[in-house]
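Spelled out from the first residue to the last, the chains are:
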Amino acid sequence: MSIQSFHPPVRTLMGPGPSDVNPRILEAMGRPTIGHLDPVFVTMMEEMKELLRYAFQTDNKLTMPVSAPGSAGMEMCFVNLVEPGDKVIVCQNGVFGGRMKENVERSGGTAVMVEDTWGVAVDPAKVEEALKANPDAKILAFVHAETSTGAISDAKTLAELAHQHDCLVIADTVTSLAGVPLMVDDWQLDAVYSGTQKCLSCVPGLSPVTFNQRAVDVITSRKTTVQSWFLDLNLVLGYWGGGVKRAYHHTAPINTLYGLHEALVILQEEGIENSWARHQKNHDALRTGLEAMGLSFVVPEGQRLPQLNAVSIPDGVDEAAVRGALLSEYNLEIGAGLGAMAGKIWRIGLMGFASNPTNVLFCLGALDAVLSGMKAPITSGVAVEAARAVYR
Ligand SMILES: *Cc1c(COP(=O)(O)O)cnc(C)c1O
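Residues numbered from 1 in each chain as written. Predicted model: local features only at pLDDT ≥ 70, side-chain atom pairs only at ≥ 80, totals over all residues. Heavy atoms only, no water.

Enquirer: Can you help me understand the side chain of Asp172 in this one?
Expert: In this fold, Asp172 is placed in strand E8 (residues 168-172). There is no salt bridge for the buried Asp172, and the closest opposite charge comes from Lys198, which lies 7.4 Å off by N-O distance. Engagement of the side chain of Asp172 in a polar contact is seen with the side chain of Tyr193, the distance being 2.8 Å. Discounting chain neighbours no more than four positions away, the residues touching Asp172 are Met74, Phe96, Met100, Phe142, Val143, His144, Ala145 and Tyr193. (Helix = DSSP H or I, 4+ residues; strand = E, 2+ residues; numbered from the N terminus. Buried < 20%, exposed > 50% of the residue type's maximum accessible area, 1.4 Å probe, protein only. Lys, Arg positive; Asp, Glu negative; His and termini not counted. Salt bridge = Lys/Arg side-chain N within 4 Å of Asp/Glu carboxyl O. Polar contact = N/O pair within 3.5 Å; in protein donor to acceptor, adjacent residues only side chain to side chain. Contact = heavy atoms within 4.5 Å.)

Below is the structure:
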């Protein structure tokens, strides 16, 4: 065998996640591994919960990272809150709503789907109709920031409707956390999950979650046992549940948690409002440049996520060849379309650490050069200057 150490290339990550990881986070992850029950580690865990409460804008006691990626946070919400026979209203306007449906059904529940066109926000009027037609529904589930299309939905209004009809709310905030305003307490989102590799700019592999008292009460009064041993909150809490006494549940991903701790310290230093404003500013510049080039946005104005820019592919352009050239010649990754949007759009992420003016100008310049080289129908040579004007 002559296989040697793996040395990945240095890329600029401007896709739907993972996003560029702040070097401070990678440095934090290289610090010495200590035991997951070490008192020093336990102190770090308590700080982490505090920092996560700030990120989520909540006072929820039950706030912690699940030791697995965003999909596990999703699953934790559903398996703990849904019991066999429960009815759940699921909003779908992209890929991730479809996964929520899967989770409801695998938990033994029935999913009532509220469908919206991919690329637009969830329509509250349709949700209200579904809530009225299903007075026995227990939960309303929706995706705040649909990464597959770049559309944001009005989480506050959806949660209000759910509570008017005595439903709990499960909200997917994987892409929204730290990128756009997300107010877990003000909006009364009951069960919320997120991810680390999007606007927190941490490595993938952890899923911050938060549950309010209403959700905890439902979980602790379940009639049936949660069928997932690993994700059963009643068991996980023996480890994460505060106090000095910690019981072994699983070995926490210690060094990855150092990374998340550092990511959250960075967020605290910047200030969450400043983080939201930075994402918006860089989106404005990128959008101005892309539109000057002649590319158009898929999502209607007012429903666009600043951290995920979905643009239509110009006529006659081989979209995979463009992404390939960006990757091989510029070390720049942008995202392809997912699901129903495959082959129709590019998804340009401006998430977390990657949301900065240098990346915006670099991406516009690279895209301009690659598209011009392919004789694509764009206006060449104007995008970078148009974006620079936004920053001036
Ligand atoms: C990325 C993403 C997920 C899944 O997160 P993983 O870390 O890939 O498991 C779930 N929901 C949304 C909206 C996402 O963007």
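Enquirer: It is not clear to me how the nonpolar core should be interpreted in this structure. Could you clarify?
Expert: In this structure, Phe41, Met76, Phe142, Ile170, Leu189 and Phe211 are the most contacted members of the largest nonpolar core, which totals 98 residues. Here the element with the most residues in this core is helix H9 (residues 254-270); it accounts for nine residues. Mapping this core onto the domain boundaries places at least three of its residues in each of domain 1 (23-269) and domain 2 (272-391). Met293, Leu295, Leu350 and Ala383 belong to the second-largest nonpolar core, a separate cluster that totals 29 residues. (Core = buried A, V, L, I, M, F, W, Y, C linked by side-chain atoms within 4.5 Å. Domains from an automatic or database assignment.)

Enquirer: Is there a simple way to explain the site of the ligand in this structure?
Expert: Surveying the vicinity of the ligand reveals the residues Pro69, Gly70, Ser71, Phe96, Val143, Ala145, Thr147, Asp172, Val174, Thr175, Gln197 and Lys198. Within the contact set of the ligand, an oxygen atom lies 3.1 Å away from a side-chain nitrogen or oxygen of Thr175. When the ligand sits alone it has 370 Å² of accessible area, and the protein chains cover 88% of it. Along the lines of polarity and charge, the residues of the shell around the ligand split into five nonpolar, five polar and two charged. (Near = heavy atom within 4 Å. Areas by Shrake-Rupley, 256 points an atom, 1.4 Å probe, with all protein chains shown as cover. Nonpolar A, V, L, I, M, F, W, Y, C, P; charged D, E, K, R; others polar.)

Enquirer: Quick question: what am I supposed to make of the environment of Phe41 here?
Expert: Secondary-structure assignment places Phe41 in helix H2 (residues 39-56). Placed 216 residues apart in sequence, Phe41 and Leu257 show a C-alpha to C-alpha distance of 9.8 Å. Excluding residues that lie within four positions of it along the chain, Phe41 makes contacts with Ile34, Gly35, His36, Tyr239, Ala252, Ile254, Leu257 and Tyr258.

Enquirer: Just to check I follow, could you spell out unusual backbone geometry for this structure?
Expert: The phi torsion of most residues other than glycine is negative, and most of the peptide bonds are trans. Of note, the amide linkage connecting Gly17 to Pro18 takes the cis form, showing an omega dihedral of 5°. Here Pro18 is to be found in the loop between strand E1 (12-14) and helix H1 (23-29). At Asp166, a position not held by glycine, the phi torsion is positive, near 55°. For Asp166, a relative accessible area of 70% corresponds to the exposed category. Phi at Lys375 is positive, roughly 60°, even though this residue is not glycine. Structurally, the position occupied by Lys375 is in the loop between helix H12 (357-373) and helix H13 (383-391). Residue classification places Lys375 among the exposed positions, given a relative accessible area of 74%.

Enquirer: Honestly, the pattern of salt bridges in this entry has me stumped. Any pointers?
Expert: Applying the stated criterion across every chain yields a total of 20 salt bridges. Between Glu46 and Arg246 there is a salt bridge whose closest N-O contact spans 2.5 Å. Taken as a pair, Glu46 in helix H2 and Arg246 in the loop between helix H8 (233-240) and H9 lie far apart in primary sequence, 200 residues in all. Judged by its relative accessible area of 32%, Glu46 falls in the partly exposed class. Across the salt bridge formed by Glu319 and Arg323, the nearest N and O atoms sit 2.8 Å from each other. Here Arg323 and Glu319 lie together in helix H11 (residues 319-330), a separation of four residues that amounts to about one turn. A relative accessible area of 12% means that Glu319 is categorised as buried. Connected through salt bridges with shared partners, the residues Arg24, Glu262 and Glu269 form a single ionic network.

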